[in-house]
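# Structural overview for review
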Amino acid sequence: MKTYEYIITFKSRNPKIVDRISLIMLIMAVVVFIFSIFTAPAIKTILFLSVIVLLIIGYTAYLKMQENKGQAVHYRIALLLAACGWYLLPHGLIPFIAYLLAALLEKQAKFPQEVAFDKDEIVINSFPRKHYQWSDMNNVVLKDNLLTIDFKNNKLVQKETESPVADTMEAEFNEFCKQHLN
């Protein structure tokens with residue numbers, strides 16, 4: 001595993017938007033599954049959908065209790081259950097894929113974005129991870145808790161750091177960047 005000289009974490013995005021989208025998706029799935037329970041011809045499908053609906057409702061209620069206690073929650077298991085329910089339904093392949101992708105990407109969407117710096121490269125921790133060479137940069141500056149990355153292709157990334165950076169650390173980081181840009 002590679003170690004980096006500097007890792008800067010940006011201010012976290014608001015996870016409530018991702019949580020709301022997940023909840024809306026789960027409510028839609030439960031409504032469709034309940035409707036399908038009453039119209040499904042096969043007893044196996046009725047049984048599986050009933051179990052999935054109960055598991056989704058129970059797990060979501062558990063997550064809401066955890067959220068009320070101030071803990072971070074992830075709906076990916078409930079979204080996976082919903083994906084399984086969609087897979088059981090005829091013509092449910094596209095929703096199955098959408099729910100599966102939502103389950104896989106939900107945690108990454110809530111993960112705080114980080115940028116790592118070493119003597120060889122700059123890595124932005126996103127999905128997918130982005131690697132840049134120092135030669136791709138015009139300038140990299142950390143000033144007043146604001147990181148600015150100026151690319152040679154006229155792209156500009158400017159984000160606020162998660163926590164305040166000490167003046168000495170800021171000066172040290174900027175000197176490090178200046179050495180690798182030249």
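### Observations concerning helix H5 (residues 167-181)
If you check H5, its first and last C-alpha atoms are 21 Å apart, about what 15 residues at 1.5 Å a residue would give, namely 21 Å. Every buried residue of H5 is accounted for by Glu 170, Phe 173, Asn 174, Phe 176 and Cys 177. Mapping the buried residues of H5 onto a view down its axis gives an arc of 155 degrees, with all of them on the same face. Turned more than 90 degrees away from the buried face of H5, the exposed residues are Asp 167, Thr 168, Lys 178 and Gln 179. The inward-facing, buried residues of H5 contact strand S1 (6-9), strand S2 (114-117), strand S5 (137-143) and strand S6 (146-151).

### Topic: the confidence of the model for the chain
Any region with low pLDDT has predicted coordinates that should not be read closely. Predicted confidence across the chain gives a mean pLDDT of 89, with 99% of residues reaching 70 or more. Ranking the elements of the chain by mean pLDDT puts S1 last with 84 and helix H3 (residues 76-88) first with 96.

### Observations concerning the pattern of salt bridges
Using the criterion set out here, one finds five salt bridges in the structure. Lys 11 is the partner of Glu 160 in a salt bridge, and the nearest nitrogen-oxygen pair spans 3.2 Å. Taken together, the positions of Glu 160 in strand S7 (residues 156-160) and Lys 11 in the loop between S1 and helix H1 (15-39) put the pair 149 residues apart, joining distant regions of the chain. When its relative accessible area of 41% is taken as the criterion, Glu 160 is described as partly exposed. For Lys 11, a relative accessible area of 48% corresponds to the partly exposed category. Sharing partners across several salt bridges, the network here consists of Asp 19, Glu 106 and Lys 110.

### Quick notes on the sheet that holds strand S4 (residues 130-133)
On the basis of which strands lie adjacent, the open sheet formed by four strands has the order S1-S2-S3-S4 and antiparallel pairing. Bordering the open sheet on either side are S1 and S4, each of which pairs with just one other strand. For this sheet, the mean angle separating the axes of adjacent strands, direction not counted, is 15 degrees. Across four bridges, the pairing between strand S3 (residues 121-125) and S4 is antiparallel. Considered in S4, the bridge of Val 123 is made with His 131. Here H5 sits on the sheet and contacts S1 and S2; the angle it forms with S1, its principal contact strand, is near 120 degrees.

Cut-offs applied
- Residues numbered from 1 in each chain as written.
- Predicted model: local features only at pLDDT ≥ 70, side-chain atom pairs only at ≥ 80, totals over all residues.
- Heavy atoms only, no water.
- Helix = DSSP H or I, 4+ residues; strand = E, 2+ residues; numbered from the N terminus.
- Expected span 1.5 Å × (residues − 1).
- Buried < 20%, exposed > 50% of the residue type's maximum accessible area, 1.4 Å probe, protein only.
- Arc of directions from axis to C-beta.
- Contact = heavy atoms within 4.5 Å.
- pLDDT = per-residue confidence, 0-100.
- Salt bridge = Lys/Arg side-chain N within 4 Å of Asp/Glu carboxyl O.
- Pairing = 2+ DSSP bridges.
- Axes fitted to C-alpha atoms, helices over the stretch in contact; angles between N-to-C directions.

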